[in-house]
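Listed here are the chains, written in short residue letters.
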Amino acid sequence: MRPTKKLVQHEVIHLTKEQYHIARKSDFICLTILLHDLKCFDDELSEGVENISTVIHKMRSTRNVFVSLHSLKDAMNRIRIDAGDQFVADAKSLRRDLDFIAHIRNKGVGHLDKTLLERAAQWIPEIFHIKTQDSDEQIAFLSYKAILEAAINSYLNEDGEQKIFKTEIDFLYPPDAQLFFEFLSDIVKRSIDWLENARKIIKSEIEFHSDDKIKELGIIAGQTNFNLKDDSDFLFSDEALQETLISAIEKMREIGVEEETIQFLESKVFK
């Protein structure tokens, strides 16, 4: 029986998430996800349509992009970015257009509003034509078309006029389709530009750790509390580190890792 490594008593250090820049790192993760989502959607929305399957795919991508753009709107309101006047002006302009995006997401994407669905059924009666009843693809296309157009056309000013386009949008009318998709493409590209700049600023504020921090951050990672109603702990001590390492090494012995390998690891971590 191999002797157990003796633990030396050490003071537990009570750290905080601020000391590990957790909030700023979470901002970086948020912007990274949104940036890559929108780049993917930008590519998909730029693709041509060849048949009804590709049209349905484009409609589905159009709905999905509203989710990411709405998340971007929330992020812009929450995340503090210290930047120049042009960055601030671009952000202000983008926020105005994202108000429209929020309406689409809330009524016809993130939620399927009952009243909006009824207007969609009224707007596109072809969904229920006898010639389409046995064509799932045709019904799917017309259903996507109906819900998107109803969401777009219900964004009204006080005079009952569509706020952005000043006309009702019908995707089967080429000028309408061009008007809407050019507008959406512009928002997506401006959003990508903003995200790239914001992400670069936040990245410059984060200290990326080297190998000598891996052990400490492993202990901190092990204290992650996935009950989102409570706080996570950020306690660190050499004793806790040694306990974790000893437990890991004993597990390796249990599963039959060669003793030579274990001794090599012990020589590295218990110096």
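This report concerns the structure included in the present document. Remember, predicted model here, so these are calculated numbers, not experimental data.

How two helices pack is summed up by the angle between their axes together with the distance between the axes. The geometry of helix H2 (residues 52-78) relative to helix H3 (residues 85-108) is characterised by a closest axis approach of 8 Å and an angle of 130 degrees between their N-to-C directions. Classified by the interaxial angle, the pair formed by H2 and H3 is oblique. By crossing handedness, the relation of H2 to H3 is classed as left-handed. Two secondary-structure elements touch here, H2 through Arg63, Phe66, Val67, Leu69, His70, Leu72, Lys73, Met76 and Asn77 and H3 through Ala91, Leu94, Arg95, Leu98, Asp99, Ile101, Ala102, Ile104, Arg105, Asn106 and Gly108.

Another point: the nonpolar core. Within the largest apolar cluster, 56 residues are counted, with the highest numbers of intra-cluster contacts made by Leu69, Leu72, Phe180, Leu184 and Trp194. Elements represented by at least two residues in this core include exactly helix H1 (22-46), H2, H3, helix H4 (114-123), helix H5 (136-153) and helix H6 (174-205). For this core, the element with the highest residue contribution is H6, accounting for 12 residues. Those residues in contact with phenylalanine 180, other than ones at most four positions away along the chain, are Thr62, Phe66, Ile152, Phe165, Ile169 and Phe171.

On to the side chain of asparagine 153. Take asparagine 153: it is sitting in helix H5. Judged by its relative accessible area of 13%, asparagine 153 is buried. Within the local environment of asparagine 153, its side chain forms a polar contact with the backbone nitrogen of isoleucine 169, the two atoms lying 2.7 Å apart.

It is worth spelling out the packing of H2 against H6 at this point. Viewed as axis vectors pointing N to C, H2 and H6 meet at an angle of 40 degrees, and their least axial separation amounts to 11 Å. The orientation of H2 with respect to H6, classified from their angle, is oblique. Of the two elements, H2 crosses H6, and the hand of that crossing is left-handed. Every residue of H6 that contacts H2 at Lys58, Thr62, Val65, Phe66, Leu69, Leu72 and Met76 is listed here: Phe180, Phe181, Leu184, Ile187, Val188, Ser191, Trp194 and Leu195. Broken down by class, the residue content of the contact of H2 with H6 amounts to 12 nonpolar, two polar and one charged.

Analysis parameters
- Residues numbered from 1 in each chain as written.
- Predicted model: local features only at pLDDT ≥ 70, side-chain atom pairs only at ≥ 80, totals over all residues.
- Heavy atoms only, no water.
- Axes fitted to C-alpha atoms, helices over the stretch in contact; angles between N-to-C directions.
- Helix = DSSP H or I, 4+ residues; strand = E, 2+ residues; numbered from the N terminus.
- Parallel < 35°, antiparallel > 145°, perpendicular 65-115°, else oblique.
- Left-handed = near helix turned anticlockwise from the far one by under 90°.
- Contact = heavy atoms within 4.5 Å.
- Core = buried A, V, L, I, M, F, W, Y, C linked by side-chain atoms within 4.5 Å.
- Buried < 20%, exposed > 50% of the residue type's maximum accessible area, 1.4 Å probe, protein only.
- Polar contact = N/O pair within 3.5 Å; in protein donor to acceptor, adjacent residues only side chain to side chain.
- Nonpolar A, V, L, I, M, F, W, Y, C, P; charged D, E, K, R; others polar.

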